[in-house]
Amino acid sequence: MENRSRITILMLPPALWLVLLFIVPLGIMAVFSFREGSFGAEREQFTLENYQHFFANRSYLNLLGTSAWIAFQTALIAVVLSYPLAYFLSFRAGEARVTLLTILIVPAWTSFLLRILSWKLILGSGGVLNTFLLSLGVIQEASPLLIYSRAAVVVTLVYVWIPFATLPIFSALERIDRRLLEAAADLGCPPWEAFLRVTLPLSLPGVIAAFFFVFIPTLGEWVTPALVGGAQGIMYGNLIQDQFVRALNWPLGAIMSLVLMALVLVILIIFNRFIRISDLAGA
Amino acid sequence: MSELAVELSNVFKTFSASNARDVNAVRNVNLAIRAGEFFTLLGPSGCGKTTTLRLIAGFEQPTRGEVRIQGKPMNGVPPYRRPVNTVFQNYALFPHLSVQENVGFGLAIKRVSKEEKKKRVQAALDLVELPQAADRKPSQLSGGQQQRVALARALVNQPAVLLLDEPLGALDLKLRKNMQLELKHMQELLKLTFIYVTHDQEEALTMSDRIAVMSAGNVLQIGAPIEIYEKPATRFVADFIGETNFLNGRVVEMGTAMTGVEVTGKRINLPRQNEFPTNSVNVTLTVRPEKVGISRPESFADEAKRISFSGVIREAVYIGTDTRYLVGLSNAETLVARLQSSPGHRPGEYAIDDPVIVWFEPGDIRLLTE
């Protein structure tokens, strides 16, 4: 009993935090989605028109689909690139691992905006990449396609997320009992097969965590597409931002946000149904 | 000439630690382990027994010397190409695989057909008496059951040599005793070569055909349990295996058939030990507590060949079937005697401060140089 009350006390601050800053705003958004307008007397009118408008206009859902596709590509590429990095850190780096891990994370301490803007210098018309390709003669004139495209968004986001994708994979690899690899070798497994049969499946929870670490925030991303995406690279997040900041159509913005959240929930539920993360860990 | 399963010739293993001096885990080890033998590497922790096993398994490569399995040189051969399998200390079962996938792991890698794999996995699980556990995960099994799965996982591959690294260390005493007998039966049934690592001397004596006693990277003695116990080659071996008494002595005469030694101011004659170096003067004598007899001075029959000392009972500890007496000798040395409760000796027969005669047969004494 005493233990229980102690846990309650410990849980109280974070619970309060979540209620105040997550549940309540979510409720406000839900309320707004049923209103006619953002300001004045229109605020008080209950309506379902916003929902009709949202689902009637295919372009909103299309953009959500595009954004999901961009987020999927970003997460996939980030995980594929992070895995060897995490593997090297965990299995090969030895005592240097802490130093190398720090070096990997240090850029993430600098401003998010700064890191994205620096990609403008790389990808821009007068940027490093264009200049380099020009000097090689690969292209005749500076290509504007390198920046302000969907690819630019993916490239930039992959760069931003790699440290965050590496960490869960690294920690999953660290948890693998190295004796299991000896056991695999003892049973006749050459190293690459031991990787496929033991290391990879046991690190899968980390891989999945890394994927969603990248996928979910990327799905709602709006800063990166605004800076390097151009008209082509626009994402669903920009649409939401527009509703709140420019169009001042808060009800529509609220609906868009709720739909986005519903999509994430559905993905997680479907995923959890097919692969139970606890099973993967063997716990 | 009997066939050798494993041979180690002049094997050294040195681990170089950064910022520290090198650690010689194994020094000049020579072993010739026969096919079908239950061979035990016995020693305290850090004696090099596990490193020796890992050298045979292939997880370590010798710094010097040669390892041969079934006559084939194994230096540079990785573990996955050696005809041996290991039962690991903490079992090292794959947590993401079911029991039958764990057991079938080695067969899956060898691309054994599905039907045969199924048959052999089932046979292995039957052998370790876990036929019903096939679909469970290792985490759902008890320690004893996990141990059996680890055994089945190794045996199913029909290795030439089975290596066991303290496989019973994590089990409770009763289960351990049962598993000792079961392992021994299994080894006899399958006619397999077992190389068994343990620090438990009783376990080693119970199960082994031969034992190699190791200390500080060296093999001190190799022999059958009875030899190791009755004829220890060094003080360490005598001390490590069971309880024993040590007395200091001085060689005063070296005859062709006997050695004259002075112990606690008394000259005694011992049968000559051939392996004992002739130039030693200061020696240690060792005798097992159960070989020591106690009599009252008035009833002691001083038979010619018996060696006897007078002493005083210092301590009497009743331990069920036996009573353990500590007897003080005239020169402040002590002897432990273990007397079984019997019609001739009732517990509590001798009390503290009783003057007694302690005696033993000359053949039960061993001379040691160190």
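Bear in mind the structure is a predicted one, so any value in this text is a computation, not a measurement.

### Topic: the overall build of chain A
On a plain count of helices and strands, chain A comes out with 13 helices and zero strands. When the backbone C-alpha atoms are referred to their principal axes, chain A occupies close to 75 × 75 × 35 Å. When each of the 283 residues of chain A is scored for burial, the buried share is 30%. Considering only residue pairs separated by 6 or more positions, chain A has 71% of its internal contacts joining residues 24 or more positions apart.

### Some thoughts on the overall build of chain B
In terms of helices and strands, chain B carries nine helices and 20 strands. Taking the principal axes of the C-alpha coordinates as reference, chain B spans close to 80 × 45 × 45 Å.

### With respect to the domain arrangement of chain B
All names here are of chain B. The domain architecture assigned to chain B consists of domain 1 (4-238) and domain 2 (243-368). Opposite the five residues of domain 1 that make contact, domain 2 presents six residues. Split into classes, the residues belonging to the side of domain 1 that touches domain 2 amount to two nonpolar, one polar and two charged.

### Some thoughts on helix 3 (residues 58-92) of chain A
Residue and element names in this part refer to chain A. Over its 35 residues, helix 3 extends 50 Å from the first C-alpha to the last, a length consistent with the 51 Å expected when each residue adds 1.5 Å. At serine 82, helix 3 shows its maximal kink, close to 25°; a proline, proline 84, follows between one and four residues later. Three or more residues of helix 3 are buried, namely Ser67, Ile70, Ala71, Thr74, Ala75, Ala78, Val79, Ser82, Tyr83, Ala86, Leu89 and Ser90. Contacts made by the buried residues of helix 3 are with helix 4 (97-105), helix 7 (150-174), helix 9 (191-219) and helix 11 (236-245).

### A few points about helix 6 (residues 173-190) of chain B
All names here are of chain B. Relative to the 26 Å expected for 18 residues at 1.5 Å per residue, helix 6 spans 26 Å between its end C-alpha atoms, a close match to the ideal helical length. All of the buried residues along helix 6 are Met179, Gln180, Leu183 and Gln187. Around the axis of helix 6, the buried residues are gathered within 115° of arc, so they sit on the same side. For helix 6, the exposed residues set more than 90 degrees away from the buried face come down to Lys174, Leu181, His185 and Leu189. Following helix 6 by one or two positions, lysine 191 adopts a phi angle in the positive range, close to 50°.

### Side note on the interface of chain A and chain B
Contact with chain A, which involves 18 residues of that partner, is made by 20 residues of chain B. Of all elements in the fold, only helix 8 (178-186) and helix 9 of chain A reach the threshold of two or more residues within the side of chain A that touches chain B.

### Considering the pairing of strand 13 (residues 266-271) of chain B
Relative to strand 13 of chain B, strand 12 (residues 258-263) of chain B runs antiparallel, the two sharing six bridges. Counted as the bridge partner of valine 261 of chain B is isoleucine 268 of chain B from strand 13 of chain B.

### Thoughts on the sheet that holds strand 20 (residues 366-368) of chain B
Residues and elements named next belong to chain B. Spatially, 13-12-11-14-20 is the arrangement adopted by the five strands of the open sheet, whose pairing is antiparallel. In this open sheet, the two edge strands, each paired with only one partner strand, are strand 13 and strand 20. Here the strands of the sheet are splayed against their neighbours by 45° on average, with no regard to which way each runs.

### Concerning the confidence of the model for chain B
With 96% of its residues at a pLDDT of at least 70, chain B reaches an overall mean of 89. Interface confidence in the predicted complex, given as ipTM, is 0.83; pTM for the same model is 0.82.

### Let's talk about unusual backbone geometry
For leucine 248 of chain A, which is not glycine, the phi torsion reads 50° and is therefore positive. With respect to the element layout, leucine 248 of chain A can be found in the loop between helix 11 and helix 12 (250-274). Among the residues examined, leucine 248 of chain A registers 13 C-beta atoms within 10 Å and is labelled partly exposed. With a phi angle near 50°, alanine 216 of chain B is a residue other than glycine that sits in the positive phi range. The topology assignment puts alanine 216 of chain B in the loop between strand 9 (210-215) and strand 10 (218-223). You can call alanine 216 of chain B partly exposed: it has 15 C-beta atoms within 10 Å.

### Quick word on the sheet that holds strand 1 (residues 4-15) of chain B
All names here are of chain B. Spatially, four strands are ordered 2-1-4-5 in an open sheet, and the strand pairing comes out antiparallel. Only two strands of the sheet have a single neighbouring strand rather than two, namely strand 2 (23-34) and strand 5 (72-73). In the sheet, strand 4 (residues 64-69) pairs with strand 5 via two bridges, with the strands oriented antiparallel. Along strand 5, the bridge assignment pairs isoleucine 69 with lysine 72. The strands touched by helix 1 (residues 49-57) are strand 1, strand 2 and strand 4; relative to strand 2, the strand with the most contacts, the crossing angle is about 60°.

### Considerations on the nonpolar core
Grouped together as the largest cluster of nonpolar side chains are 101 residues, with contacts concentrated most on Val6, Ile56, Ala152, Leu163, Ile195, Val213 and Val358 of chain B. Viewed by domain, this core spans two of them, domain 1 (4-238) and domain 2 (243-368) of chain B, each represented by three or more residues.

### Some remarks on the pairing of strand 18 (residues 334-340) of chain B
Residues and elements named next belong to chain B. Covered by surrounding structure in strand 18 are Leu335, Ala337 and Leu339 only, the residues Thr334, Val336, Arg338 and Gln340 on the alternate face being uncovered. Relative to strand 18, strand 17 (residues 322-329) runs antiparallel, the two being bridged by seven bridges. Counterpart to leucine 326 in the pairing with strand 18 is valine 336. Linking strand 17 to strand 18, which pair antiparallel, is a turn of four residues; within it alanine 332 sits at a positive phi near 75°.

### Remarks on the packing of helix 5 (residues 112-123) of chain A against helix 7 of chain A
For any two helices packed against each other, the geometry comes down to the angle between their axes and how far apart the axes lie. All names here are of chain A. It is at 10 Å that the axes of helix 5 and helix 7 come closest, and there the two elements cross at 130°. With respect to helix 7, the axis of helix 5 lies oblique. Note that helix 5 runs across helix 7; the crossing there is right-handed. Facing helix 5, whose interface residues are Arg115, Ile116, Trp119 and Leu123, helix 7 presents Ala152, Thr156, Tyr159 and Val160. Of the residues contributing to the contact of helix 5 with helix 7, the split by class is six nonpolar, one polar and one charged.

### Overview of the environment of leucine 190 of chain B
Relative to the helices and strands, leucine 190 of chain B resides in helix 6. Taking the number of C-beta atoms within 10 Å as the measure of exposure, leucine 190 of chain B has 14 and is therefore partly exposed.

### With respect to the environment of threonine 50 of chain B
Its place among the elements puts threonine 50 of chain B in helix 1. If we skip the residues at most four places from it in the chain, threonine 50 of chain B touches Asp165 and Val197 of chain B.

### Some points on the environment of phenylalanine 213 of chain A
Residue and element names in this part refer to chain A. Tracing the backbone through its elements, the reader meets phenylalanine 213 in helix 9. Overall, the presence of 20 C-beta atoms within 10 Å leaves phenylalanine 213 in the buried class. Taking the C-alpha atoms as reference, phenylalanine 213 lies 8.9 Å from proline 168; in sequence the two are 45 residues apart. Beyond its immediate stretch of four places on either side in the chain, phenylalanine 213 contacts Phe164, Ala165 and Pro168.

Criteria and cut-off values
Residues numbered from 1 in each chain as written. Chains lettered and ligands numbered in written order. Predicted model: local features only at pLDDT ≥ 70, side-chain atom pairs only at ≥ 80, totals over all residues. Helix = DSSP H or I, 4+ residues; strand = E, 2+ residues; numbered from the N terminus. Buried ≥ 20, exposed ≤ 12 C-beta atoms within 10 Å, placed from the backbone. Contact = placed C-beta atoms within 7 Å. Domains from an automatic or database assignment. Nonpolar A, V, L, I, M, F, W, Y, C, P; charged D, E, K, R; others polar. Expected span 1.5 Å × (residues − 1). Bend = angle between axes of the 7 residues up to and from the residue. Arc of directions from axis to C-beta. Pairing = 2+ DSSP bridges. Axes fitted to C-alpha atoms, helices over the stretch in contact; angles between N-to-C directions. pLDDT = per-residue confidence, 0-100. Core = buried A, V, L, I, M, F, W, Y, C linked by C-beta atoms within 7 Å. Parallel < 35°, antiparallel > 145°, perpendicular 65-115°, else oblique. Left-handed = near helix turned anticlockwise from the far one by under 90°.

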